[in-house]
Amino acid sequence: SSIDESFEGLYINGLNDTNREKFGIPTNITGVVVEKVDLNSRAYIDGFSAGDIIIQIENLSIESIKDATTAFTRYKGKTKRIYINRRGAIMLVVTK
């Protein structure tokens, strides 16, 4: 069940030893990890890919699934800036 239509096809999880190892994420990185993106979903079209770490949504710092849920709910249906860490590079995704 997706919190927001713009996150249809986006599967996120808190960071843990297993997904840190799978995606090569250093222990000093915080956020929530994109574990999977459905092909041709809104999230896929917006440019998300597995291994991306969502670190900020608008002005809200994301450190847990709870933070992400709060942010998705607050900005539901609105254009939002999502900052991701992709293998050490900070990128911006703008989605509605």
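Preceding this paragraph is the structure being described.
Residues numbered from 1 in each chain as written. Predicted model: local features only at pLDDT ≥ 70, side-chain atom pairs only at ≥ 80, totals over all residues. Heavy atoms only, no water.

**Observations concerning the overall build of the protein**
Using the following cut-off: Runs of H or I in DSSP of at least four residues are treated as helices and runs of E of at least two as strands, each being numbered from the N terminus. Within these notes, the globule rule equals 2.2 Å times the number of residues to the 0.38 power, and the radius of gyration is based on C-alpha atoms.
Scanning the protein from N- to C-terminus turns up 3 helices and 6 strands. Along the protein, helices and strands appear, N-terminal first, in the series β-α-β-α-β-β-α-β-β. The C-alpha atoms of the protein give 12 Å as radius of gyration, which agrees with the globular expectation for 96 residues (12 Å, within 12%). The dimensions of the protein, computed from C-alpha atoms along their principal axes, are 35 × 30 × 25 Å.

**What about the nonpolar core?**
Filter applied, for reference: What is meant by a nonpolar core is a set of buried Ala, Val, Leu, Ile, Met, Phe, Trp, Tyr and Cys residues, joined one to another through side-chain atoms within 4.5 Å. Relative accessible area decides the class of each residue, using a 1.4 Å probe on protein chains only: under 20% of the type maximum gives buried, over 50% gives exposed, and in between gives partly exposed. Throughout, a residue-residue contact means that at least one pair of heavy atoms, one from each residue, lies within 4.5 Å.
By size, the foremost hydrophobic cluster in this structure holds 18 residues, and its most contacted members are Leu 10, Phe 48, Ile 54, Ile 57, Ile 62 and Ile 82. Those elements that place two or more of their residues in this core are β2 (32-37), β3 (53-57), α3 (65-74) and β5 (80-86). Each residue touching Ile 82, except ones within four places of it in the same chain, is listed here: Phe 7, Phe 48, Ile 54, Gln 56, Ile 57, Met 91, Leu 92, Val 93 and Thr 95.

**Some words on the packing of aromatic side chains**
Condition: Under the pairing criterion, centres of Phe, Tyr and Trp rings, with the six-membered ring standing for Trp, must be within 6.5 Å; the plane angle then separates stacked pairs below 30 degrees from edge-to-face pairs above 60, leaving the rest tilted. For a ring to carry a charge above it, either NZ of a lysine or CZ of an arginine must fall within 6 Å of the ring centroid while also lying within 35 degrees of the normal to the ring plane.
Tallied over the entire structure, the rule returns 0 aromatic pairs. The ring of Tyr 11 carries the charged tip of Lys 36 above its face, separated from the ring centre by 4.6 Å.

**Some remarks on the side chain of Asn 85**
The line we're drawing: Distance and chemistry together define a polar contact, namely a pair of N or O atoms within 3.5 Å, with one atom able to donate a hydrogen and the other to accept it when in protein, and with adjacent residues in sequence counting only for side-chain atoms on both sides.
Here Asn 85 shows up in strand β5. Within the structure, Asn 85 has its side chain in polar contact with the backbone nitrogen of Gly 88 (distance 2.8 Å). Contact partners of Asn 85, with chain neighbours within four places excluded, come to Ile 29, Gly 51, Asp 52, Ile 53, Ile 55 and Ile 90.

**Let's talk about the environment of Ile 90**
Mapped onto the elements, Ile 90 comes out in strand β6 (residues 89-95). Judged by its relative accessible area of 53%, Ile 90 is exposed. Taking the C-alpha atoms as reference points, Ile 90 and Val 37, 53 residues apart in sequence, are found 19 Å from one another. Those residues in contact with Ile 90, other than ones at most four positions away along the chain, are Ile 55, Tyr 83, Ile 84 and Asn 85.

**Let's talk about the pattern of salt bridges**
Defined as follows: Salt bridges are defined by distance alone: a side-chain nitrogen of Lys or Arg within 4 Å of a carboxyl oxygen of Asp or Glu.
Per the stated rule, a full pass over the model turns up 4 salt bridges. With a shortest N-O distance of 2.7 Å, Arg 86 and Asp 52 are connected by a salt bridge. Taken together, the residues span a long stretch of sequence, with Arg 86 in strand β5 and Asp 52 in the loop between α2 (42-46) and β3 at a distance of 34 residues. Of the charged contacts, one joins Arg 81 and Glu 58 as a salt bridge, the two residues approaching to 2.7 Å between their closest N and O atoms. Here Arg 81 is found in strand β5, whereas its partner Glu 58 is found in the loop between β3 and β4 (60-61), with 23 residues between them in sequence. For Glu 58, a relative accessible area of 15% translates into the label buried.

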